[in-house]
Amino acid sequence: MKKKKFFHEKFPFRITLIYLAFGLTWILLSDKLLSFLISDVVTLSKIQTYKGFFFILMTALLLFVLLWRHMKTMKLAEKELIDAKEKAENSNRLKNAFLQNISHEIRTPMNAICGFTSLMTDPDLNPEQKADYSAIVRNNCDQLLTIITDVLTLSSVETKQMKVTIQEVNLTLMMEELTQLFQSTANSLSLDLQNSTNLPESQAFVLTDRTKLIQILTNLLTNALKFTKEGSIELNCHLENKQLVFYVKDTGIGFNPALKELLFERFRQANEDTNRRYGGTGLGLAISKALVELLGGQIGVETEQGKGSVFHFTIPYVASGSVLAESVKPFIWNKGFTILVAEDEDVNFLFLETLLQPMNWKVLRARNGQEAVDMVRADESIRLVLMDIRMPVLDGFQAAIAIKEFRPNLPILAQTAYANEQEMEQFRSIFDDYLTKPLRIQVLKQKISKFLA
């Protein structure tokens, strides 16, 4: 690029120097060269008569070649500049549309959360109204959390901070868990959600990044539920040519096949009308594509307007040596357990205490990391610790390390508002597991059940 710029800026000087060098060389050497080659004086005289014409012809040809190459380079540079300008303008337009859209997408659930939270304080509300308002607040909180997660994920992808964490994954169990997670939403929309995965035991356990795989499938299932008014949605995973093939098939609105490549670009949807009618940030599929490629696979879609879509992706199949585990049994909450919650924020502790009270547990609180270490050392009845990361005096990381020195088998679960990839690695090396805020009841139960069943 620098060479091209130098060539364009110095072109008049370069062509002048070339002309002078060629002319001076011709004047100084042409007579000697002709005298050396031709000994006959008459012939030499005739040739010298046309020497000037030959010089003009050669310099004209040289100038033509140089000017033609220069014009060709200029046209190419102009085209690149126009393309770059159009790309920048298009990117700027998409970003402006995204910012306007994200503002709308954030304000909409926030408006519902603030509005219905205020309405719930009305003493005249009956239990049914309170339940309805509570469900509205909860759904809008989930929507807001999804938006924030998408933006943070995209930021991690673009700054290349996201890494792959390989672990053993039970595909059969994972696909069943995803189906159960979305089943209530599908039922509320009168849609038939099917999991057609039927992997043999020898193929069910693989090595991959479970978190990213779930995020990809969650995005695809969320889209399918959003754009399907009636019919069914099918979730499937199977092995084909040493590749794991996943697909989400729906009977939704579909879209123009000519636009399918645009769907995987940032801030894109099938068209602007889709955004107005169905909402969304336009980040889900772009994130899914980035995550699939990070896992070494490819993603695509087959669709037809008005007849539904099939989003599919592949990732390399890396088998694990495990045998398929038995189905997970429902966790029975035993009475009498003591759990320590290390949390400096009063509101966060109150929320956790409220979640844990129905389990008939004894809940203790530490307001900082040092207090958590001292309480665990003094009370052997503590069976599990929920440890906040950001705390005064001693943070969660240091507190967990200190506790593990004298009670290495005590389960400690980290809880954090948002964890990047580096923090995730730290969690895995220090804590037994981790929870991301905002905490969900079902996730909290599942995490705890791993250690206290």
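Residues numbered from 1 in each chain as written. Predicted model: local features only at pLDDT ≥ 70, side-chain atom pairs only at ≥ 80, totals over all residues. Heavy atoms only, no water.

(A) Structural view of the sheet that holds strand β7 (residues 308-316). If you walk across this open sheet you meet the five strands as β2-β4-β5-β7-β6, and the pairing is mixed. At either end of the open sheet lies a strand with only one pairing partner, and these are β2 (192-195) and β6 (298-304). Looking at each pair of strands side by side, their axes are set apart by 15° on average, direction ignored. In the sheet, β2 pairs with strand β4 (residues 232-240) via four bridges, with the strands oriented parallel. Counterpart to N195 in the pairing with β4 is L235. (Pairing = 2+ DSSP bridges. Helix = DSSP H or I, 4+ residues; strand = E, 2+ residues; numbered from the N terminus. Axes fitted to C-alpha atoms, helices over the stretch in contact; angles between N-to-C directions.)

(B) Local environment of a nonpolar patch on the surface. Taken together, the side chains of V164, I166, L207, L294 and V318 present a nonpolar region at the surface, about 360 Å² in accessible area. Note on placement: V164 falls in the loop between α5 (127-158) and β1 (167-170). For V164, a relative accessible area of 34% puts it in the partly exposed group. (Patch = residues over 30% accessible without salt bridge, like charges linked within 9 Å, V, L, I, M, F, W, Y side chains within 5 Å. Areas by Shrake-Rupley, 256 points an atom, 1.4 Å probe, with all protein chains shown as cover. Salt bridge = Lys/Arg side-chain N within 4 Å of Asp/Glu carboxyl O. Buried < 20%, exposed > 50% of the residue type's maximum accessible area, 1.4 Å probe, protein only.)

(C) Fine view of the sheet that holds strand β8 (residues 338-342). In space, the five strands of this open sheet follow the order β9-β8-β10-β11-β12, with parallel pairing throughout. Every interior strand has two partners, whereas the edge strands, β9 (362-366) and β12 (433-436), have only one. Averaged over all pairs of adjacent strands, the angle between strand axes in this sheet comes to 20°, irrespective of strand direction. Across five bridges, the pairing between β8 and strand β10 (residues 382-388) is parallel. Within the sheet, the bridge partner assigned to V341 lies in β10 and is L386.

(D) Expanded view of the state of the cysteines. Scanning the entire structure with this criterion turns up zero disulfides. Looking at the unpaired C114, the closest cysteine sulfur is the one in C141, lying at 9.6 Å. What makes C114 partly exposed here is its relative accessible area of 46%. (Disulfide = S-S within 2.5 Å.)

(E) Quick look at the packing of helix α12 (residues 369-378) against helix α13 (residues 396-406). For the pair α12 and α13, the least separation of the axes is 9 Å and the interaxial angle reads 15°. With respect to α13, the element α12 is oriented roughly parallel. Relative to α13, the crossing made by α12 is right-handed. For the pair α12 and α13, the contacting residues are G369, A372, V373, V376 and R377 in the first and A399, A402, I403 and F406 in the second. (Parallel < 35°, antiparallel > 145°, perpendicular 65-115°, else oblique. Left-handed = near helix turned anticlockwise from the far one by under 90°. Contact = heavy atoms within 4.5 Å.)

(F) Summary view of the nonpolar core. One finds L171, L217, F246 and F313 to be the most contacted residues of the largest nonpolar core, which totals 40 residues. Only α6 (171-188), α8 (210-226), β4, β5 (243-250), α10 (284-294), β6 and β7 provide two or more residues apiece to this core. No other element matches the seven residues that α8 contributes to this core. Apart from residues lying up to four places away in sequence, F246 is in contact with L171, M174, M175, L213, L217, N236, C237, F311, H312, F313 and I315. Residues V376, V385, M391 and F431 belong to the second largest nonpolar core, which totals 23 residues. (Core = buried A, V, L, I, M, F, W, Y, C linked by side-chain atoms within 4.5 Å.)

(G) Region of the structure containing unusual backbone geometry. Non-glycine residue S190 carries a positive phi angle of around 60°. Although it is not a glycine, N241 adopts a positive phi angle of roughly 55°.

(H) Representation of the packing of α6 against α8 in the model. Two numbers describe how α6 lies on α8: the axes approach to 11 Å, and their chain directions differ by 30°. Our pair here, α6 against α8, has a crossing hand that is right-handed. The segment α6 lies against α8, with L171, M174, M175, E177, L178, F182, T185 and A186 engaging R210, L213, I214, L217, T218, L221, T222 and L225. Considering only residue class, the contact of α6 with α8 consists of eleven nonpolar, three polar and two charged. (Nonpolar A, V, L, I, M, F, W, Y, C, P; charged D, E, K, R; others polar.)

(I) A look at the side chain of D388. Relative to the assigned elements, D388 resides in strand β10. Once residues within four sequence positions are removed from consideration, D388 is found in contact with A342, E343, D344, G396, Q415 and K437.

(J) Just the packing of aromatic side chains, in detail. For the coordinates displayed, the defined rule picks out four aromatic pairs. For the pair F337 and W361, a centre-to-centre distance of 5.7 Å together with 70° between the ring planes defines the contact as edge-to-face. Placement of the pair is F337 in the loop between β7 and β8 and W361 in the loop between α11 (346-356) and β9, with a sequence separation of 24 residues. Judged by its relative accessible area of 11%, F337 is buried. Here R377 stacks its cationic end above the ring of F406, 4.3 Å away from the centre of that ring. For K447, the ring lying beneath its charged end belongs to Y434, and the centroid distance is 5.5 Å. (Phe/Tyr/Trp six-rings, centres within 6.5 Å; stacked < 30°, edge-to-face > 60°. Lys NZ or Arg CZ within 6 Å of the ring centre and 35° of its normal.)

(K) Looking closely at the environment of V169. Along the chain, V169 falls in strand β1. Classification of V169 by relative accessible area gives buried; the value is 1%. For V169 and L213, which are 44 residues apart along the polypeptide, the C-alpha to C-alpha distance reads 9.8 Å. Contact partners of V169, with chain neighbours within four places excluded, come to M174, A204, F205, V206, T208 and R210.

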